[in-house]
Every structure is written in structure tokens, then in C-alpha cells.
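What the coordinates show
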Amino acid sequence: MTFFINYDAEDILRQATKSTLRYERGNPISALDEVSVAIKDEIDCSSYPTIGGTKWLYKARPCIGDAYSVMRLRSYDAIIIEKTNMHELGSWIEMWTQSHRKKG
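The numbers attached to residues start from 1 for each chain and follow its sequence in the written order. The predicted origin of the model limits local features to residues at a pLDDT of at least 70 and limits the giving and counting of side-chain atom pairs to 80 or more, whereas totals for whole chains, interfaces and linings rest on all residues. Excluded from the side-chain calculations are hydrogens and water; all other atoms, namely the structure's heavy atoms, are used.

**Observations regarding the environment of leucine 13**
Locating leucine 13 in the fold gives a position in helix H1 (residues 9–25). A relative accessible area of 56% means that leucine 13 is categorised as exposed. Between the C-alpha atoms of leucine 13 and isoleucine 79, which are 66 residues apart in sequence, the distance is 9.3 Å. Going along the chain from the N terminus, every DSSP run of H or I of four or more residues is numbered as a helix, and every run of E of two or more is numbered as a strand. Only protein chains enter the accessibility calculation, which uses a 1.4 Å probe. A residue is then buried if its area is under 20% of the maximum for its type, exposed if over 50%, and partly exposed in between.

Next comes the structure, spelled out in C-alpha cells:
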């Protein structure tokens, strides 16, 4: 499984350049200004599809905007660098945990 699934190099460079200019002027927006953040694929983030580890979710429920957490990160000028992969709808982890619990 690939860890990172979506990124936009031009957008990352644009965000980083703006942040660098703020730092050079001594005007960072927040403590998160210039901090790189990857967004888990189950969280909506504009310009990236939210597929939840599937090949179909983005068709059934397209991403139409940022989730609240992403909006807050953007408001503090954190650099959104990419979306991270996950197992299909996060279901494998639950199955693995249940099957590996200690039997009492």
C-alpha cells in the first residue's frame, strides 16, 4: 500500500513560498505557519478526492470543500502537502484488532 496517494507539487510550492516570504518579513501568521501537514484520506480536503481507500467513494460522495479541521489548518497557514492512504473505509484495522485480541 502506498502511503501518500495525492499531492499537487505546484500548490505545495506556492504555499511554501508564501510562508517563506512571511517569515522573511517577520510576520508568520501562527505557530503552524510553514508546518507541513498530510491529510488522511477519509477527511475532505479541497482539490483532492476523498476515496476512503476505495475505488468508488469519490463518485458516490464527491469532496465539495474542506472538512472543518482542514479549514482550521489552512486558516493558520499550515502547508497541506498531500493525502495519505488508508485501508478500505478503515475496515481492515477493525477486523485485525478483533481477530488478534487475547482470548480469555
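Having seen it, we continue.
**Some points on the environment of aspartate 8**
Turning to its location among the elements, aspartate 8 is positioned in the loop between strand S1 (4–6) and H1. Along the backbone, aspartate 8 and glutamate 82 are 74 residues apart, and their C-alpha atoms lie at a distance of 7.3 Å. Within the local environment of aspartate 8, its side chain forms a polar contact with the backbone nitrogen of glutamate 10, the two atoms lying 3.2 Å apart. Two N or O atoms form a polar contact when they lie within 3.5 Å of each other; inside protein one atom must be a possible hydrogen donor and the other a possible acceptor, and for residues adjacent in sequence the pair counts only when both atoms belong to side chains.

**With respect to the nonpolar core**
In this description, a nonpolar core means a group of buried Ala, Val, Leu, Ile, Met, Phe, Trp, Tyr and Cys residues linked to one another through side-chain atoms lying within 4.5 Å. Listed in full, the eight residues of the largest apolar core are Val37, Ile39, Cys45, Tyr48, Val70, Leu73, Ala78 and Ile80. Of all elements in the fold, only strand S2 (36–40) and helix H3 (68–75) reach the threshold of two or more residues within this core. Only heavy atoms enter the contact rule, under which two residues are in contact if any of them lie within 4.5 Å. Ignoring anything within four residues of it in the chain, the contact list for valine 37 reads Leu73, Ala78, Ile79, Ile80, Ile81 and Glu82.

**Topic: the sheet that holds S2**
In spatial order, the strands read S1-S3-S2; together these three strands make up an open sheet with mixed pairing. Only two strands of the sheet have a single neighbouring strand rather than two, namely S1 and S2. Strand-to-strand twist of the sheet, defined as the mean angle between neighbouring strand axes without regard to direction, takes the value 55 degrees. Of the strand pairs in this sheet, S2 and strand S3 (residues 79–84) are connected by five bridges, and their pairing is parallel. Each residue of the ladder has a partner; that of valine 37, found in S3, is isoleucine 80. Pairing between two strands is assigned when DSSP locates at least 2 bridges connecting them. Axis angles are defined between N-to-C directions and span 0 to 180 degrees, where every axis is a line fitted to C-alpha atoms and, for a helix, only to the segment in contact.

**Observations regarding H1**
With 17 residues, H1 ought to run about 24 Å at 1.5 Å a step, and its terminal C-alpha atoms sit 24 Å apart, in line with that. When H1 is considered as a whole, its buried residues turn out to be Asp11, Gln15, Ser19 and Arg22. Taken down its axis, H1 places every buried residue within 60 degrees of arc, on the same side. Projecting away from the buried face of H1 at angles above 90 degrees are the exposed residues Glu10, Leu13, Glu24 and Arg25. Multiply 1.5 Å by the residue count of a helix minus one, and that product is the helix's expected span. In this description, the arc belongs to the directions extending from the helix axis to the C-beta atoms.

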